[in-house]
Amino acid sequence: MQTVTVEDLQARLRALPTNPRVVVSGNTAIPWEGVRAVDGALERYIIHALNAPRGIPDREGVTAETCFVGPGMRHHPQLHYVPSRLSLVPLLFARTLVPDVVLVHCTPPQGGHVSLGLEVNILPAAIDSVRAHGGLVVAVLNRSMPRTSGDALVPVEYIDLAIEVDEPLPTHAPLEPDDESRLIGERVAAHVRDGSTLQLGIGGVPDATLGALTGRRGLRMWTEMFSDGVLALDAAGALDQDHPLVTSFCFGSAELYEWIHDNPRVRMLRTEKTNDPGLIAQQRHMTSVNTALEVDLFGQANASRINARIHSGFGGQTDFIVGALHSQGGQSFIALRSWHPKADVSTIVPLLDEPVTSFQQSAVVTEHGMAQLWGRSEREQCHDIIEECAHPRVRDDLREEAHALGLG
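Summarised in this report is the structure supplied together with it. (Residues numbered from 1 in each chain as written. Predicted model: local features only at pLDDT ≥ 70, side-chain atom pairs only at ≥ 80, totals over all residues. Heavy atoms only, no water.)

So, on to the pairing of strand 27 (residues 363-366). Neither face of strand 27 is open: one carries A363 and V365, the other V364 and T366, and all of them are buried. Direction of pairing for strand 23 (residues 331-335) relative to strand 27: parallel, over a ladder of three bridges. Across the sheet, I334 pairs through a bridge with V364, a residue of strand 27. Sheet topology note: the strand 27/strand 28 (residues 369-372) ladder contains four bridges and is antiparallel. By the bridge assignment for strand 28, A363 is matched with Q372. (Buried < 20%, exposed > 50% of the residue type's maximum accessible area, 1.4 Å probe, protein only. Helix = DSSP H or I, 4+ residues; strand = E, 2+ residues; numbered from the N terminus. Pairing = 2+ DSSP bridges.)

Here it is as structure tokens:
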């Protein structure tokens, strides 16, 4: 690993082939100093990041490529969305989306390794591919990055060039869940037994669900990501102290970052492990909690598109639904409000107009109730989705639609 100035890095970048693909840490681990260096050095390039935050360059010549669209790419003029389950994205780097540069945000070296800190995700696979194809691995070394272990550890000899920064990391202060989120979380939590393994994301409903689980014991985490909710579980003694918290990236408060720093109980794994349905299925009482934009009377969920335009992507939803249902004692929930406050429409619809993100969950949950789906006939599923989950103001219309669809 050679530590260089930004100017030296840019000189090396200018020697790359025309329109190179640059894979960067995503979510809240974007290495902005490195991104600015790339953007200043290259007239044309492809930037690939998962769930990119706002600030991604959107000038002419920049193609924004991703398998999961974040706010920084959602309205990008040159968005190149590549549909893929998250567990399969690493295969794309080896086959069709071969990177020329991998730009990672990590800790300074210690013991012959740097740590990817908050975000492991698809980065190890990208590093493997770029090294196999003779490209560059560039590290932005940040003293503020917490040090994590597992697949987060990258040997320094894997890194070609490094620049040094000392910048604070983006944080997200947990918000108090609103009444609807709290009710949905309580409904889900009521079906989670002691000793379960959890997968939840970030947001009001996941936070409320975790908040309602502080009385459980022996809980484990095998998840794509976690946030501050684990701190409350840990403080309450709800977590299995003898089992690692397995995740692929983290996002939350400064307190969370301090907690995960050098914490031997946190085990960061690459995406093809955390999201492998076969490995998920091996977890004890695997319980997956995801959300959606809308659910129809067949139990199909759209979590990806609005008016046919990509809003996010498949992510890990399908990976975890399949894995959880194959786990002994496992279950998978789609949890959402029955009414979308901004669009002012029901989230329970007769039949999806958008492509389906997932289907065949254990249950659908809203603030009004829970519809058990698994093992029930399509008419029974439809009946409970309407009577238990839909907002009362649309139930009559949904009953009529159900009859027209042959579900009444």
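So, on to the packing of helix 5 (residues 179-189) against helix 6 (residues 204-211). Axis separation between helix 5 and helix 6 bottoms out at 7 Å; the angle between their running directions is 50°. Here helix 5 is positioned oblique relative to helix 6, judged by the angle of their axes. The handedness of the crossing between helix 5 and helix 6 is right-handed. Where helix 5 abuts helix 6, its residues S181, R182, I184, G185, V188 and A189 lie against G204, V205, A208 and T209. Across the contact of helix 5 with helix 6, the residue classes tally to five nonpolar, four polar and one charged. (Axes fitted to C-alpha atoms, helices over the stretch in contact; angles between N-to-C directions. Parallel < 35°, antiparallel > 145°, perpendicular 65-115°, else oblique. Left-handed = near helix turned anticlockwise from the far one by under 90°. Contact = heavy atoms within 4.5 Å. Nonpolar A, V, L, I, M, F, W, Y, C, P; charged D, E, K, R; others polar.)

Those residues of helix 2 (residues 32-41) that sit buried are G34, V35, A37, V38 and A41. In a view along the axis of helix 2, the buried residues occupy a sector of 160°, so they form one face of it. Looking at the packing, one finds that the buried side of helix 2 touches helix 1 (6-13), strand 2 (21-24), strand 3 (45-48), strand 6 (101-106), strand 8 (136-142) and strand 11 (161-165). (Arc of directions from axis to C-beta.)

A few words on the environment of V356. Tracing the backbone shows V356 in the loop between strand 26 (348-349) and strand 27. C-alpha separation for the pair V356 and V4, spaced 352 residues apart in sequence, amounts to 47 Å. Discounting chain neighbours no more than four positions away, the residues touching V356 are Q300, A301 and F314.

What follows deals with the environment of M73. Looking at the secondary structure, you find M73 in the loop between strand 4 (62-66) and strand 5 (79-81). A relative accessible area of 0% places M73 in the buried class.

With that out of the way, let us pick up the packing of aromatic side chains. The relation between two aromatic rings is expressed through the spacing of the ring centres and the mutual angle of the planes. Per the counting criterion, the structure on display carries zero aromatic pairs. Seen from the ring of Y158, R131 lies directly overhead, with NZ or CZ sitting 3.8 Å from the centre. (Phe/Tyr/Trp six-rings, centres within 6.5 Å; stacked < 30°, edge-to-face > 60°. Lys NZ or Arg CZ within 6 Å of the ring centre and 35° of its normal.)

This brings us to the environment of P90. Examined against the element boundaries, P90 turns out to sit in helix 3 (residues 89-95). Each C-alpha atom of the pair P90 and R270 lies 9.2 Å from the other, and the pair is 180 residues apart in sequence.

A few words now on the sheet that holds strand 28. With mixed pairing, six strands are arranged side by side in an open sheet as 13-12-18-23-27-28. Strands at the two margins of the open sheet, each flanked by one partner only, are strand 13 (220-221) and strand 28. Sheet topology places strand 18 (residues 286-290) next to strand 23; four bridges connect them, and they run parallel. Looking at strand 23, one finds that T287 is bridged to Q331.

This next bit is on the pattern of salt bridges. Within the structure shown, the criterion is met by 19 salt bridges. Of the charged contacts in the structure, one is a salt bridge between R337 and D178, with a shortest N-O distance of 2.3 Å. Taken as a pair, R337 in the loop between strand 23 and strand 24 (339-340) and D178 in the loop between strand 11 and helix 5 lie far apart in primary sequence, 159 residues in all. A salt bridge links E387 to R399; its shortest N-O distance comes to 2.8 Å. With a gap of twelve residues between them, E387 in helix 12 (residues 378-389) and R399 in helix 13 (residues 395-404) connect regions that are remote in the sequence. On the basis of relative accessibility, which here comes to 24%, the residue E387 falls in the partly exposed class. It is possible to trace a salt-bridge network through shared partners that takes in E33, R36 and E167. (Salt bridge = Lys/Arg side-chain N within 4 Å of Asp/Glu carboxyl O.)

On to the nonpolar core, then. The nonpolar side chains of a soluble globular protein tend to be buried with one another. If you look at the biggest cluster of nonpolar residues, it comprises 65 residues, and the most contacted ones within it are L198, F226 and W259. Of all the elements, helix 4 (residues 123-132) adds the most residues to this core, at five residues. Residues contacting F226, with those up to four places away along its chain left out, are M221, L245, T247, F249, C250, F251, L256, W259, I260 and V266. Grouped together as the second largest cluster of nonpolar side chains are 31 residues, V4, A37, Y81 and I310 included. (Core = buried A, V, L, I, M, F, W, Y, C linked by side-chain atoms within 4.5 Å.)

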